[in-house]
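Here's the letter readout for the chains.
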Amino acid sequence: MNRYPTVAEVTESARRLVSRFPGTGRLRRVGTSRAGRPLLMLSVGHGPRHVLVVARPHPDEPVGGATALALAELVAGGDRRSPATDPDAVTWDIVLCLDPDGAALSEGIETATAGPAPSLASYYRAAFRPVAAEQPEWAPIVGRPLPESRALFDVIDDLRPVLQCSLHNVDAGGTWAQLTRDLPGLAAPFAASAAALGVPVQHGTYDALYWENPAPGIHVLPPPGSTARPAAGSEDIGLSTWCAPQRYGGATAIVEVPLWATAPADDPTPHADPARALRALSGLVREGGRQVTAVFERARGFLPAPEDSPPVRVLEWMAEDLYDLVADSWGPLVRQAEAGPRTDGSPALTTAGIGALEVVARRQPLRAAGLLLRLLHAADAPAAAGLHHELDALFTAWCTDFETSLRLRWVPVPAQVELQARTVVAAAECALTP
């Protein structure tokens, strides 16, 4: 398939798989979302050891549903080329969509990204990403476990998986994996799969900026109590669903594949002037945020969504402090760059690493602008059209700058799915090896 499947299509495909492989596949409800939608888990195989796969933890990252189906087909078909996919040895338990409520607010994303070369603008116009406190994997970190979070914790406690794999997309960059403990055998097959499919391995990422980095694209969570953290605001990451398998000796792999590849993603050379670049990126995210927030404040009185709606909560959250939080988190890197080369384990300020931070700086205002444009388009107030025109001009220019500065290249959906599925199987082989 050359496009992402919708949640409904994933569910229907799972039902058909169960019918085609009676006894091998089982589909059951493991929880209910905040809005009453079912949380469904497809289990394939009857082995005593379990691999848990979590699809669509973020609704604006659509690859997981397709990867989930690919993995289910592989195991249900009795593929014994790998011990990890032998249905008599391992049971694969696949949560088909962890955030169906968020996916419902992103349901245009599958159409928007269909075709051989979708535009960045079409993606951000359709995407929805909830506030951190409403993201099921992340919510426990900020002290608000959701029904979806609790359902996943219950599944982990019941299955005690050897490995949990969380399926993610990054909007632009390269591919990488974050691990809650090192899987030393993963680096080689991961790199080989990325090379075979023409996807760059990301050297350095905002998400794991201070994590141990034993191999290109492989990042390992620091031990409990460490001050190192993947991103601003994640001091209590040990409370997340990612770390839950650790209490049973299991590990988690967060597998990221890009929608668009960036030119500098795999360039490990030292950046020519990192301090200047970081100051510019801090200014970029702050100024973009200021401009979106100014339009949002002028539109508040006539937006078609109520004040407590998820889209409005996102815009308020971003306007309150998110842009500054991101920019401020780079302060230590600026000071490091100004001080010169370091040997204390600080992250290398490479061309790839600065490129990854540029993705973050550019995408934050675009996420807010795309969401606000949808609300303005639906508003019937006379002033809405003018504000929409004003914001659309900014949005279009930002998308063009993003595409040009980082030389974006669309990664075909089949390549994204194949890379993610191969990485999951390779991680499972490592985790299952005594």
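Residues numbered from 1 in each chain as written. Predicted model: local features only at pLDDT ≥ 70, side-chain atom pairs only at ≥ 80, totals over all residues. Heavy atoms only, no water.

**Some remarks on the overall build of the protein**
What counts here: Segments assigned H or I by DSSP are reported as helices when at least four residues long, segments assigned E as strands when at least two residues long, and all are numbered from the N terminus. For this measure, only C-alpha atoms enter the radius of gyration; the expected value for a globule follows 2.2 Å times N^0.38, where N is the number of residues. Each residue is placed in one exposure class: buried if its accessible area under a 1.4 Å probe, protein chains only, is under 20% of its type's maximum, exposed if it is over 50%, and partly exposed if it falls in between. Contacts: residue pairs with any heavy atoms within 4.5 Å of one another. Each accessible area is a Shrake-Rupley result for a 1.4 Å probe, and residues are judged covered by the shown protein chains and nothing else. Just so you know, the count uses Lys and Arg for positive and Asp and Glu for negative, and it drops His and the chain ends. Charge positions are represented by NZ for Lys, CZ for Arg, CG for Asp and CD for Glu.
Helix and strand counts for the protein stand at 13 helices and ten strands. At 21 Å, the protein has a C-alpha radius of gyration in line with the 22 Å of a compact globule built from 434 residues. Seen through its principal axes, the protein has C-alpha atoms that stretch 60 × 55 × 40 Å. Out of the 434 residues in the protein, the part that is buried amounts to 58%. For the protein, the proportion of contacts with a sequence separation of at least 24, taken over those separated by at least 6, is 79%. Roughly 16,900 Å² of accessible area belongs to the protein as shown, and the carbon and sulfur atoms make up 54% of that amount. Of the charged side chains in the protein, 37 are positive and 48 negative; the average position of the first set lies 2 Å away from that of the second.

**Considering the environment of aspartate 93**
We count it as follows: We call two N or O atoms a polar contact when they sit within 3.5 Å, provided that within protein one can donate a hydrogen and the other can accept it, with sequence-adjacent residues counted only if both atoms are side-chain atoms.
Along the chain, the position of aspartate 93 falls in strand S4 (residues 90-95). Taking the relative accessible area as the measure of exposure, aspartate 93 reaches 2% and is therefore buried. Put simply, aspartate 93 and alanine 427 are 334 residues apart on the chain and 15 Å apart in space, counted from C-alpha to C-alpha. Ignoring anything within four residues of it in the chain, the contact list for aspartate 93 reads Met41, Leu42, Ser43, His50, Val51, Leu52, Val53 and Leu159. Only 2.7 Å separates the side chain of aspartate 93 from the side chain of histidine 50, close enough to count as a polar contact.

**Section: helix H12 (residues 382-405)**
Think of an α-helix as 3.6 residues a turn; residues three or four steps apart then line up on the same face. Rule in force here: Helix span, expected: 1.5 Å multiplied by one less than the number of residues in the helix.
Taking 1.5 Å of rise per residue, the 24 residues of H12 would be expected to cover 34 Å, and the 36 Å separating its terminal C-alpha atoms lies within 8% of that figure. Those residues of H12 lying buried are Ala384, Leu387, His388, Leu391, Phe395, Trp398, Cys399 and Phe402. Arginine 407, located one to two residues past H12, shows a positive phi value of around 50°.

**With respect to the pairing of strand S5 (residues 163-173)**
Each regular strand shows side chains that alternate between the opposite faces of the sheet. The criterion, for reference: Two strands qualify as a pair provided that DSSP identifies no fewer than 2 bridges between them.
A large share of S5 lies buried, amounting to eleven of its eleven residues. Two strands pair when backbone bridges link them, and strand S3 (residues 49-54) and S5 are joined in this way by four bridges, in the parallel orientation. Along S5, the bridge assignment pairs valine 51 with leucine 163. Pairing between S5 and strand S9 (residues 251-261): ten bridges, direction parallel. Paired with cysteine 165 across the two strands is alanine 253, which belongs to S9.

**Observations concerning the pattern of salt bridges**
Put simply, the test is: Basic side-chain nitrogens of Lys or Arg form a salt bridge, by our definition, when they fall within 4 Å of a carboxyl oxygen of Asp or Glu.
Under the criterion given, the structure shown has 24 salt bridges. One salt bridge in this structure joins arginine 313 and glutamate 134, with 2.6 Å as the shortest N-O distance. Of this pair, arginine 313 sits in helix H9 (residues 310-328) while glutamate 134 sits in the loop between helix H5 (120-126) and helix H6 (147-159), placing them 179 residues apart in sequence. Assessed through its relative accessible area of 7%, glutamate 134 is described here as buried. Where arginine 286 meets aspartate 328, a salt bridge forms, and the shortest distance between an N and an O atom there is 2.6 Å. Remark: aspartate 328 occurs in helix H9 and arginine 286 occurs in helix H8 (residues 274-299); sequence separation between them is 42 residues. A network of salt bridges, in which partner residues are shared, links Arg34, Asp99 and Glu148.

None of this, on its own, says anything about what the molecule does.
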